[in-house]
Amino acid sequence: MAANRIHIVVTTLVLVAITCGYLAMASYWPTLYIWSTYEDLYGEWAQTYLFLIALVFSLRIASLRSVYRWFFILLALACFYVVMEEISWGQRIFGFESPDLFKRHNLQRETNLHNFLVGPYSTLTKDVIEYVLAAMLVLYGLVYPLLLRSGVQFVQCFDRRAGLAAPPLYLWPYFVIAAWLETAPMHFNEAEVAEILVGSALVFMTLHYIIAVGNGLGVHEPSAWSRR
């Protein structure tokens, strides 16, 4: 196996394991699927750990001198927010009671912010948010890195001057499949699987940048790493 292909092999195997695993559970073992996707069960805790790892990796990149430093500081903050929302800011660990405001207006009566807008019920707001999020995943995970690879000048300014780090192109299936699942095509809580895919993609992306930035390698040329 060529050393410059190992990242593609590993990420592809993980993607296949996640998607085929959830598909098999949904098709043949629905009870196990529920345990792997629904609130406060194994899948949701897996999401939390994935975003926590991405948070730690982002802080590592932020400690290095590069044009992407501020992007990964912001990504670390975003991951921190996601982790804290997933555990309802400690409520799921310590079991404290939700304040009255959250009991009255939070769709899951938990101490978090996102369930003021989305929850277990289908609403117009939830549908709009899902489709906007799906579009953003495709734009960031596929369109942006494709435009960078194509050499579009004004897009390269976002990368080189603004430091808007692009996911490595080999991760595009994670973002595109997650975008599709966000639209709930089967109405079987697929958004939770999408979050697993996004969390996994962010872990691989931040690890990619740790290797590239930490060793002075081109972030957009992983195939050349083994020759350095």
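The shown structure was predicted, so the numbers you read here are calculated from the model rather than taken from an experiment.

Asks: Residue-level account of the overall build of the chain, with values.
Replies: Of the regular secondary structure elements, the chain holds ten helices and zero strands. Tracing the chain from N to C terminus, the helices and strands come up as α-α-α-α-α-α-α-α-α-α. Projected onto its principal axes, the C-alpha positions of the chain cover 55 × 40 × 30 Å. Sorting the 228 residues of the chain into buried and exposed places 43% on the buried side. Roughly 12,700 Å² of accessible area belongs to the chain as shown, and the carbon and sulfur atoms make up 68% of that amount.

Asks: Account for the packing of helix H1 (residues 6-28) against helix H9 (residues 172-182), naming residues and giving values.
Replies: Their axes nearest at 10 Å, the elements H1 and H9 cross at an angle of 20°. Viewed along their axes, H1 and H9 adopt a mutual orientation that is roughly parallel. For the pair formed by H1 and H9, the contact residues are Thr-11, Val-14, Leu-15 and Thr-19 on the first element and Pro-173, Tyr-174 and Ile-177 on the second. Residue composition of the contact of H1 with H9, by class: five nonpolar, two polar and no charged.

Asks: Which residues make up the side chain of Ser-200, and what values do they have?
Replies: Note that Ser-200 resides in helix H10 (residues 190-214). Residue classification places Ser-200 among the buried positions, given a relative accessible area of 6%. Within the structure, the side chain of Ser-200 is placed 2.8 Å from the backbone oxygen of Ile-196, a separation counted as a polar contact. Among residues more than four places away in sequence, those in contact with Ser-200 are Ile-18, Leu-50 and Tyr-174.

Asks: Run through the pattern of salt bridges, naming residues and quoting values.
Replies: Within the structure shown, the criterion is met by three salt bridges. The residue Glu-44 makes a salt bridge to Arg-92 at a minimum N-O spacing of 2.4 Å. Of this pair, Glu-44 sits in helix H3 (residues 42-62) while Arg-92 is found in helix H5 (residues 91-94), placing the two residues 48 residues apart along the sequence. The exposure classification of Glu-44 matches that of Arg-92, with both residues buried. A salt bridge links Arg-92 to Glu-110, with the shortest nitrogen-to-oxygen separation between them at 3.0 Å. One end of the pair, Arg-92, is in helix H5; the other, Glu-110, is in the loop between helix H6 (100-105) and helix H7 (124-150), with 18 residues separating them in the sequence. Each member of the pair, Arg-92 as well as Glu-110, is classed as buried.

Asks: Report on the packing of H7 against helix H8 (residues 153-160), specifying residues and quantitative values.
Replies: Remark: H7 packs on H8, axes separated minimally by 8 Å, with the N-to-C direction vectors making an angle of 110°. The orientation of H7 relative to H8 falls into the category roughly perpendicular. The segment H7 lies against H8, with Tyr-144, Leu-147 and Leu-148 engaging Val-155, Gln-156, Phe-158 and Asp-159. For the contact of H7 with H8, a count of residues per class yields five nonpolar, one polar and one charged.

Asks: So what's going on with the nonpolar core? Which residues, and what values?
Replies: Phe-72, Met-205 and Tyr-209 are the most contacted members of the largest nonpolar core, which has 45 residues in total. For this core, the elements supplying multiple residues, two or more each, are H1, H3, helix H4 (69-86), H7, H9 and H10. For this core, the leading source of residues is H10, giving 14 residues. Aside from chain neighbours lying at most four places away, what touches Met-205 is Phe-71, Phe-72, Tyr-140, Ala-165, Ala-166, Pro-167, Pro-168 and Leu-171.

Asks: Go over the side chain of Ser-36 with me, naming the residues and quoting the values.
Replies: As for its position among the elements, Ser-36 is in the loop between helix H2 (30-35) and H3. With residues up to four places along the chain from it excluded, the contact list for Ser-36 reads Tyr-22, Met-25 and Gly-43.

Calculation rules
Residues numbered from 1 in each chain as written. Predicted model: local features only at pLDDT ≥ 70, side-chain atom pairs only at ≥ 80, totals over all residues. Heavy atoms only, no water. Helix = DSSP H or I, 4+ residues; strand = E, 2+ residues; numbered from the N terminus. Buried < 20%, exposed > 50% of the residue type's maximum accessible area, 1.4 Å probe, protein only. Areas by Shrake-Rupley, 256 points an atom, 1.4 Å probe, with all protein chains shown as cover. Axes fitted to C-alpha atoms, helices over the stretch in contact; angles between N-to-C directions. Parallel < 35°, antiparallel > 145°, perpendicular 65-115°, else oblique. Contact = heavy atoms within 4.5 Å. Nonpolar A, V, L, I, M, F, W, Y, C, P; charged D, E, K, R; others polar. Polar contact = N/O pair within 3.5 Å; in protein donor to acceptor, adjacent residues only side chain to side chain. Salt bridge = Lys/Arg side-chain N within 4 Å of Asp/Glu carboxyl O. Core = buried A, V, L, I, M, F, W, Y, C linked by side-chain atoms within 4.5 Å.

All quantities given are derived from atomic positions and should not be read as evidence of function.
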